[in-house]
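In case you want the letters, here they are:
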Amino acid sequence: CLHLFSANSWSQVGVLRGRWESFEFSQLIDAIGNLYGGADKVLISVLRNKGESVLSHLLHNHDWQKRIGRDWGGVYYYDEQEILNRVDITAVGGRKPGMPENVATKPVMVTALADAIKEDVLILRDEKTVQECLTYVKLPGGRTGGMSGTHDDCVTALYLIAILLTVRYDRRSRRQEKREEEAEEYEEEDNYASRGWKKGRRG
């Protein structure tokens, strides 16, 4: 599953689901990434556990630059301090591409997604993605995943998006922006109603 999100609006602008070989999937990602502006405007992040081949193709066959830093653009390289707020001294200077999914990072990513949904700042437009969110639950042993008989690929890709949006873009600013927009709309409606009432009284 591949999600496309706007960093400014936190809105889903596209999604792809299917079965592809690693090279085919990397070709799709490369084509879509270039369609939306290329390495200067598009940040690509891949779950490392199952995406090593995809990452290799993007970096070596499609010449996407590595992104170590806070700019949007290129292939995301995992930063433990950014995601977990800690530094592993063995990893300094040796960051690897993609996001690892393990007992430390997965809960952080899932929590980022849950918070974004709860605070109504993540805009989902794909029905399949929403359905998978509704069937994504806590499992025995403290794990999380899709209910028996359901898929969770869309959710897996989505919580990767959520953590990057959270650490790279302050969602509090997004919430404040929404509040200001709503307040401005309410004020305009209130002023319009007041003017109409006064006009009626004078008539």
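Residues numbered from 1 in each chain as written. Predicted model: local features only at pLDDT ≥ 70, side-chain atom pairs only at ≥ 80, totals over all residues. Heavy atoms only, no water.

(A) Structural context of a negative patch on the surface. Judged by side-chain charge, E180, E181, E182, E184, E185, E187, E188 and E189 come together as a negatively charged surface patch. Relative to the helices and strands, E185 is located in helix 7 (residues 171-202). (Patch = residues over 30% accessible without salt bridge, like charges linked within 9 Å, V, L, I, M, F, W, Y side chains within 5 Å. Areas by Shrake-Rupley, 256 points an atom, 1.4 Å probe, with all protein chains shown as cover. Salt bridge = Lys/Arg side-chain N within 4 Å of Asp/Glu carboxyl O. Lys, Arg positive; Asp, Glu negative; His and termini not counted. Charge placed at Lys NZ, Arg CZ, Asp CG, Glu CD. Helix = DSSP H or I, 4+ residues; strand = E, 2+ residues; numbered from the N terminus.)

(B) The arrangement of the pairing of strand 1 (residues 2-5) in detail. Burial along strand 1 is two-sided: L2 and L4 facing one way and H3 and F5 facing the other are all buried. As paired elements, strand 1 and strand 2 (residues 12-16) share four bridges and run antiparallel to each other. When the bridges of strand 2 are listed, H3 appears paired with V15. In this structure, the hairpin formed by strand 1 and strand 2 is closed by a connection of six residues, where W10 is found at a positive phi of approximately 55 degrees. (Buried < 20%, exposed > 50% of the residue type's maximum accessible area, 1.4 Å probe, protein only. Pairing = 2+ DSSP bridges.)

(C) Seen up close, helix 1 (residues 22-35). If you check helix 1, its first and last C-alpha atoms are 20 Å apart, about what 14 residues at 1.5 Å a residue would give, namely 20 Å. For helix 1, the secondary structure elements touched by its buried residues are strand 1, strand 2, strand 3 (43-44) and helix 2 (48-61). Looking at the residues trailing helix 1, positive phi occurs at G37, about 125 degrees. (Expected span 1.5 Å × (residues − 1). Contact = heavy atoms within 4.5 Å.)

(D) Quick look at the packing of aromatic side chains. Using the criterion set out here, one finds two aromatic pairs in the structure. The interplanar angle of 0 degrees and the centroid separation of 5.2 Å between the aromatic rings of W20 and F25 together place this pair among those described as stacked. F25 gets classed as buried once you look at its relative accessible area, which sits at 16%. With a centroid separation of 6.5 Å and an interplanar angle of 65 degrees, the aromatic rings of Y136 and Y159 are classed as edge-to-face. Of this pair, Y136 sits in strand 6 (residues 136-138) while Y159 sits in helix 6 (residues 153-168); the two residues are 23 residues apart in sequence, bridging distant segments of the chain. Looking at Y159, the relative accessible area reads 1%, which means it is buried. (Phe/Tyr/Trp six-rings, centres within 6.5 Å; stacked < 30°, edge-to-face > 60°.)

(E) Structural view of the packing of helix 1 against helix 2. Look at helix 1 against helix 2: their axes get within 8 Å of each other, and the N-to-C directions meet at 55 degrees. Looking at the two axes, helix 1 sits oblique to helix 2. Our pair here, helix 1 against helix 2, has a crossing hand that is right-handed. Of helix 2, the residues touching helix 1 (which contributes S22, F23, F25, S26, I29 and D30) are S53, V54, H57, L58 and N61. In the contact of helix 1 with helix 2, the residues fall into five nonpolar, five polar and one charged. (Axes fitted to C-alpha atoms, helices over the stretch in contact; angles between N-to-C directions. Parallel < 35°, antiparallel > 145°, perpendicular 65-115°, else oblique. Left-handed = near helix turned anticlockwise from the far one by under 90°. Nonpolar A, V, L, I, M, F, W, Y, C, P; charged D, E, K, R; others polar.)

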